[in-house]
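Here is how the chains run, residue by residue.
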Amino acid sequence: MHRREFLRSAGTVAGGTAAAGAAGSAAAAEDGDGGGGGGGQPDYGGWLSDVGNFSATEDYRGQDEVTVEVGVEGNGDYWAFGPPAMYVDTGTTVIWEWTGQGGGHNVVGENDDYSSGPSTGEAGTTFERTFDEAGIHKYYCDPHLSVGMKGAVVVGDDYPSVSAGASTPVNPEHMGVPIQAHYVGIATVLGISASLAFTFYLLKYGETPHSKGGSD
Ligand SMILES: [Cu+2]
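The structure reproduced in this document is the subject of the present report. This structure is a prediction, so every number in the text was calculated from the model and none was measured. (Residues numbered from 1 in each chain as written. Predicted model: local features only at pLDDT ≥ 70, side-chain atom pairs only at ≥ 80, totals over all residues. Heavy atoms only, no water.)

## Quick notes on the overall build of the protein
So the rule is basically this: A helix here means a DSSP run of H or I that spans at least four residues, while a strand means a run of E at least two residues long, and both kinds are numbered starting from the N terminus. Classification of residues uses two cut-offs on accessible area relative to the type maximum, computed with a 1.4 Å probe and protein chains only: under 20% is buried, over 50% is exposed, and between them is partly exposed. By definition, residues are in contact when any of their heavy atoms lie within 4.5 Å. Methods summary: accessible areas were calculated by the Shrake-Rupley approach with a probe of 1.4 Å, and residue burial reflects only the protein chains presented.
Helix and strand content of the protein: 3 helices and 11 strands. Counting all 216 residues of the protein, 29% fall into the buried class. Taking contacts inside the protein between residues at least 6 apart in sequence as the whole, the part at least 24 apart equals 70%. Counting only carbon and sulfur atoms, one obtains 53% of the accessible surface of the protein, whose full area is about 12800 Å².

Shown next as structure tokens:
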């Protein structure tokens, strides 16, 4: 191999490794903090952990009245609220409307501070409540509490939220990213060093007549 050719290929190898290192660092920085601004995920304190049809808190802000269906499919039968969790503005009236499915239901505040009364299975039954206080308001259906027929209304902007900082130490994803970035950096340095060492070796011994054969 000619010297100039080799230098060009060595440069390509080192450059490529450095580019990979830079890309790794950029990805790590981008993944740095989850969550983003504004409120954060509501901290339900486990209230919704056994609610089968809960996946995300739905945004119903900007409406004076919102409807929650009582007796939608979930928790093994029509034993669920739909949706089980929602964001609303302060002062919003929530209207629970019975679908008629899943037997008798009712709506009871978590602290038993309000109730729609005895459970009923009659379609079209409604119960309403206006939420003037910001925070997370939890409720349940008395006959189906044990199977997870529960719900929550997140009112206003001031509510307990899961802070991104608190979850960092136990989140393996957050711990893994910086470590990977270190590996990429070390690999880059090693790659460049190896290329340089090989270049010096070749420059010194590569094309001298003495290197061929030896004893001739
Ligand atoms: Cu129920």
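So that's the structure; there's more coming.
## What to know about the environment of Asp 64
Inspection of the secondary structure assignment puts Asp 64 in the loop between strand E2 (58–59) and strand E3 (65–74). Between the C-alpha atoms of Asp 64 and Thr 93, which are 29 residues apart in sequence, the distance is 6.2 Å. Ignoring sequence-local partners within four residues, the contact set of Asp 64 consists of Gly 91, Thr 92 and Thr 93.

## Observations concerning the sheet that holds strand E10 (residues 150–155)
Here is the rule: Think of it this way: DSSP has to see at least two bridges between two strands before they count as a pair.
Pairing is mixed in the open sheet, where 5 strands are placed in the order E2-E5-E10-E9-E7. Only two strands of the sheet have a single neighbouring strand rather than two, namely E2 and strand E7 (108–109). The pairing of strand E5 (residues 85–88) with E10 spans 4 bridges and is classified as parallel. From the neighbouring strand, Val 88 faces E10, where its bridge partner is Val 155.

## Brief notes about the pattern of salt bridges
We apply this condition: We count a salt bridge whenever a side-chain nitrogen from Lys or Arg sits within 4 Å of a carboxyl oxygen from Asp or Glu.
With the rule as written, the count across this model stands at 2 salt bridges. With a closest N to O distance of 2.8 Å, Lys 150 and Asp 50 form a salt bridge. With Lys 150 in strand E10 and Asp 50 in the loop between strand E1 (41–42) and E2, this residue pair connects regions lying 100 residues apart in the sequence. A salt bridge links Arg 61 to Asp 59, with the shortest nitrogen-to-oxygen separation between them at 2.9 Å.

## Looking at a negative patch on the surface
This is how it is decided: Patch criteria: residues need more than 30% relative accessible area and no salt bridge. Like-charged residues are merged within 9 Å; nonpolar side chains of Val, Leu, Ile, Met, Phe, Trp and Tyr are merged within 5 Å. Only four residue types enter the tally: Lys and Arg on the positive side, Asp and Glu on the negative side; His and the chain ends are excluded. Throughout, a charge is located at the NZ atom of Lys, the CZ atom of Arg, the CG atom of Asp or the CD atom of Glu.
Residues Asp 64, Glu 65, Asp 89, Glu 128, Asp 157 and Asp 158 make up a contiguous surface patch of negative charge. Along the chain, Glu 128 turns up in strand E8 (residues 126–131).

## Quick word on the pairing of E10
By the criterion of burial, E10 is predominantly enclosed, with 6 of the 6 residues buried. On E10, burial covers both faces: Lys 150, Ala 152 and Val 154 on one face and Gly 151, Val 153 and Val 155 on the other are all buried. Pairing between strand E9 (residues 135–140) and E10: 6 bridges, direction antiparallel. For Tyr 139, the partnering residue across the bridge sits in E10 and is Gly 151.

## Description of the packing of aromatic side chains
Where we set the bar: Here is the rule: rings of Phe, Tyr and Trp (six-membered ring for Trp) pair when centre to centre is within 6.5 Å. Planes less than 30 degrees apart are stacked, more than 60 are edge-to-face, and the remainder are tilted. By definition here, charges over rings are those cases where NZ of Lys or CZ of Arg is within 6 Å of the ring centre and within 35 degrees of the ring normal.
A complete count under the given rule lists 8 aromatic pairs for this structure. When the centroid spacing of 5.8 Å and the interplanar angle of 85° are considered together, the rings of Tyr 44 and Phe 54 count as edge-to-face. Of this pair, Tyr 44 sits in the loop between E1 and E2 while Phe 54 sits in the loop between E1 and E2, placing them 10 residues apart in sequence. Classification of Phe 54 by relative accessible area gives partly exposed; the value is 25%. Ring plane angle 50° and centroid distance 6.2 Å describe the contact between Tyr 87 and Tyr 159, whose orientation is recorded as tilted. Taken together, the positions of Tyr 87 in strand E5 and Tyr 159 in the loop between E10 and strand E11 (161–162) put the pair 72 residues apart, joining distant regions of the chain. Residue classification places Tyr 159 among the buried residues on the basis of a relative accessible area of 11%. Joined through ring pairs, the aromatic side chains of Phe 81, Trp 96, Tyr 114, Phe 127, Phe 131 and Tyr 139 make up one cluster. The ring of Tyr 87 has Arg 61 lying over it, and the distance from NZ or CZ to the ring centre is 4.5 Å. Over the face of the ring belonging to Trp 47 we find Lys 150, whose NZ or CZ atom lies 4.8 Å from the ring centre.

## Side note on the nonpolar core
Heads up, the rule is: Buried residues of nine kinds, namely Ala, Val, Leu, Ile, Met, Phe, Trp, Tyr and Cys, make up a nonpolar core once their side-chain atoms join them within 4.5 Å.
Among the nonpolar cores identified, the biggest contains 19 residues, and Phe 81, Trp 96, Val 107, Tyr 139 and Val 153 are the most heavily contacted of them. Of all elements in the fold, only E3, E5, strand E6 (92–98), E8 and E10 reach the threshold of two or more residues within this core. If you look at the next biggest cluster of nonpolar residues, it comprises 12 residues, including Trp 47, Tyr 140, Ala 152 and Tyr 159.

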